Amino acid sequence: MTNLVTWLVIAGLIAAALGYAKARAPRVYWALVGLPLTWGRFTWTYRSTMEVCGLTVQPSGLRAFMTRNLARREVRPVAPKVRRVRGTMTGLRVTLRLPAGLEPADVVASSERLRHAWGVRSITVAESKPGFVELRMTGYDVLRRVRLPRSSKDLGPMVVPVALREDGTVYVRDYRKVPMALTLGANQSGKSMYQRNLVAGLARLPVGLVGIDCKRGVEQSRYAPRLSALVTTPDAAGRLLDALVGEMEERFDLLAAHAVSDLWELPEHVRPVPLVVLIDEVAELFLVASKKDEPARDQMVMQLVRLGQMARSIGIYLEVCGQRFGSDLGKGATMLRAQLTGRVVHRVNDKQTAEMGLGDIAPDAVMAVTAIAPDRPGVAVAGDTSGGWSRIRTPEKTPDEAAAVCREFAHLTPELAFLAPFRPTVRPVPEPAPPLVNPRPVTE
């Protein structure tokens, strides 16, 4: 009897520990319990699941003949061949070779049925090479608590890890692949959190950062130690954009002198520093208070469009942020948006805003944006020009943390003559106030 009680107590403690791990340390629970169970379920039910989900094809005539007459076995439909199974800290990766007659779209269409059959959180299908697909299964809600893996650092020049995808991989901003980007989202959707993670990542790279924050600098002024330029009014933004276009033309002359077509083909000793232009709340650059301000607005928008169209090859990249960005802002908005091929859309207030961000490059992602819950700030949908999209979430980062990174890497701020008139004033960090001391009560 004593042994039975002891074993019951031990079993109860193990169950409690596993329950705690499932709620508080899902990675540990997945590694100890979820991964072995899912791997076993996948192994034992793979073929029947493929047949039920319609992911099999009839064998060729020769194969059916050989199976029936030589192997003396029943001819069965052919399922994708499992080439590799690999466990990760967030899920399971399975590489499949598709038989003739199946295509990746067929597997994508059945991904929801496969998810339920194997009891995983989500399944993402990615084509690794012609004829092969990878099933990326996640065993738990990866986006609940986001922490970027340490291996995401030092990914290369102009590559910044920003968020975590729902399949457990890192979402990065690679400026050499996607030079211009647009970030949309309503208030309190996590848009500013995304920008902080982006600025903190860029601050560590040998690049120049240019800030345009027409809300009087309330967002970007704290990054002043790492900014080569900062403007906080539309008039100053117009002058800064004119200066950037002038620099773009000079860099084109430099490329022509060296007979190359891209900044990264230049010899390192003559290569100008790359520039990332961070535009917060882009609508402030389009809206005017009176008709007399329209010519200045049109000039500013034209310069933005020119940068979006041509500045990639000379190492000037646009990072545009706003709540809405459509034709209702005025002339030139749609033309500029077409140049911003990278899209990240957080929770929005209406379907039309989601269509502004993703409707032209990933129509299937629009409904995913409208389904983002208000209690999950930082969750967004990232799309690309290939039509693919994925849910992402940025890790929490406070304004003080992002500002501290900018101060730490302030020595990387390049001194550029054409940006000297726009160099921000770096204010000293205020010292914390001393703690209040309660005076002794006066006794009579």
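Residues numbered from 1 in each chain as written. Predicted model: local features only at pLDDT ≥ 70, side-chain atom pairs only at ≥ 80, totals over all residues. Heavy atoms only, no water.

Moving on, we get to the environment of Tyr 46. Mapped onto the secondary structure, Tyr 46 falls in helix 2 (residues 26–52). Each C-alpha atom, one on Tyr 46 and one on Val 82, is 9.3 Å from the other, the two residues being 36 residues apart in sequence. Every residue in contact with Tyr 46, bar those within four places of it in the chain, is listed here: Ala 79, Pro 80, Lys 81, Val 82, Leu 96 and Trp 118. (Helix = DSSP H or I, 4+ residues; strand = E, 2+ residues; numbered from the N terminus. Contact = heavy atoms within 4.5 Å.)

It is worth spelling out the nonpolar core at this point. If you look at the biggest cluster of nonpolar residues, it comprises 57 residues, and the most contacted ones within it are Ile 212, Leu 240, Leu 285, Phe 286, Leu 307, Leu 318 and Phe 325. Every residue in contact with Leu 285, bar those within four places of it in the chain, is listed here: Ile 212, Cys 214, Ala 237, Ile 279, Arg 297, Met 300 and Leu 304. (Core = buried A, V, L, I, M, F, W, Y, C linked by side-chain atoms within 4.5 Å. Buried < 20%, exposed > 50% of the residue type's maximum accessible area, 1.4 Å probe, protein only.)

Time to look at helix 7 (residues 234–257). When the terminal C-alpha atoms of helix 7 are compared, their 35 Å separation across 24 residues agrees well with the 34 Å that a helix rising 1.5 Å per residue should span. Those residues of helix 7 lying buried are Ala 236, Ala 237, Gly 238, Leu 240, Leu 241, Leu 244, Val 245, Glu 247, Met 248, Arg 251 and Leu 255. Buried positions along helix 7 lie against strand 8 (208–213), strand 9 (229–231), strand 10 (275–280), helix 8 (283–286), helix 9 (294–310) and strand 11 (316–322). Just beyond helix 7, the residue with positive phi is Ala 259, at close to 55°. (Expected span 1.5 Å × (residues − 1).)

So, about the sheet that holds strand 6 (residues 170–174). With mixed pairing, the 10 strands of this open sheet are ordered in space as 6-5-14-13-12-7-11-10-8-9. Edge positions in the sheet fall to strand 6 and strand 9, since each of these pairs with one other strand and no more. Neighbour-to-neighbour, the strand axes of this sheet turn through a mean angle of 25°, independent of strand direction. Of the pairings in the sheet, the one linking strand 7 (residues 181–184) to strand 11 comprises four bridges and is parallel in character. Looking across to strand 11, one finds that Thr 183 is bridged to Cys 321. In the packing of helix 6 (residues 191–203) onto the sheet, the strands contacted are strand 5 (159–165), strand 6, strand 7, strand 8, strand 10, strand 11 and strand 12 (342–346), and the crossing angle to strand 5 comes to about 145°. (Pairing = 2+ DSSP bridges. Axes fitted to C-alpha atoms, helices over the stretch in contact; angles between N-to-C directions.)

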